[in-house]
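One-letter residues, chain by chain:
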Amino acid sequence: MADVEKRTLKDLKALTEAGAETPDAEATDAEAPGAEGPGGEVIVEAPPPEPKIDELGRSYATGKRKNAIARVWLKPGTGVVTVNGRDQKTYFARPVLRMIIHQPFAAVDREGQFDIWCTVKGGGLSGQAGAVRHGISRALLYYEPTLRPVLKKGGFLTRDSRVVERKKYGKAKARRSFQFSKR
């Protein structure tokens, strides 16, 4: 610890006035010309992230909503959605739930281009549909990272954290009191 030399801000200022730059900064300026920022520094955009696709050509993601957890696999196909081994029309009989599942595809104009296979457990049908939607959105993002701005703007990547409030003692439900009796 004794052989560590102390440097001050004056030393740093002397270095910058002498024009000494780091070799990394010189290399990035020469390699990738970009737009200049407000201070004259060069802004270099990061390359888009790599898609996360397994050896079978699928991308996997987990979606959650209330107490439901959905594991979703997405691969190119004809638009078949299988939930817990059953067709989506038999599992989610209400059209509103099927509409919730297809919202991410409509937002990015990819309807009918991917097959979905998912397993979902916990919660009720509404929570499960929300979990599948969240999982589909994340799997789409892993398959095509360039879709992130559209999915983020639509709110599909955000996990809806609202859950049922717990029941309190002395109450009928979370906030509902027992019926008042005058006599």
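What this report covers is the structure whose coordinates are included nearby. (Residues numbered from 1 in each chain as written. Predicted model: local features only at pLDDT ≥ 70, side-chain atom pairs only at ≥ 80, totals over all residues. Heavy atoms only, no water.)

1. Let's talk about the side chain of Gln-128
Formally: We count a stretch as a helix when DSSP gives it H or I for four or more residues in a row; a strand needs E for two or more, and each element gets its number in order from the N terminus. Contacts were defined at the residue level, with two residues in contact if any of their heavy atoms lie within 4.5 Å.
Counting through the fold element by element, Gln-128 comes out in helix 5 (residues 125-143). Not counting residues within four places of it along the chain, the set of residues in contact with Gln-128 comprises Ala-68, Tyr-91, Phe-92, Val-120, Lys-121, Gly-122 and Gly-123.

2. Focus on the nonpolar core
So the rule is basically this: To define a nonpolar core, start from buried Ala, Val, Leu, Ile, Met, Phe, Trp, Tyr and Cys residues and group those joined through side-chain atoms within 4.5 Å. Type-normalised accessible area, obtained with a 1.4 Å probe on protein chains alone, sets the label of each residue: buried when under 20%, exposed when over 50%, and partly exposed for intermediate values.
Ranked by internal contacts, the top residues of the largest apolar core, which has 30 residues, are Leu-74, Phe-92, Val-132, Ile-136, Leu-140 and Leu-151. Elements that contribute at least two residues to this core include exactly strand 4 (68-76), strand 5 (81-83), helix 4 (95-107), strand 7 (114-121) and helix 5. Sorting elements by how many residues they give to this core places helix 5 first, with eight residues.

3. So, helix 4
As a reminder, the rule being used: Each helix should span, by expectation, one fewer than its residue count multiplied by 1.5 Å. Think of it this way: the bend at a residue is just the angle between two axes, each fitted to seven residues, one set ending at that residue and the other starting at it.
Here helix 4 is 13 residues long and its end C-alpha atoms lie 18 Å apart, about the 18 Å a rise of 1.5 Å per residue gives. The sharpest bend along helix 4 comes to roughly 40°, located at Ile-101, with the proline Pro-104 sitting one to four residues further on. Every buried residue belonging to helix 4 is among Leu-97, Arg-98, Ile-100, Ile-101, Pro-104 and Phe-105, and all of these are buried. In this structure, the buried residues of helix 4 make contact with strand 4, helix 3 (88-91), strand 7, helix 5 and helix 6 (148-154). Of the residues trailing helix 4, Asp-109 is marked for its positive phi of about 55°.

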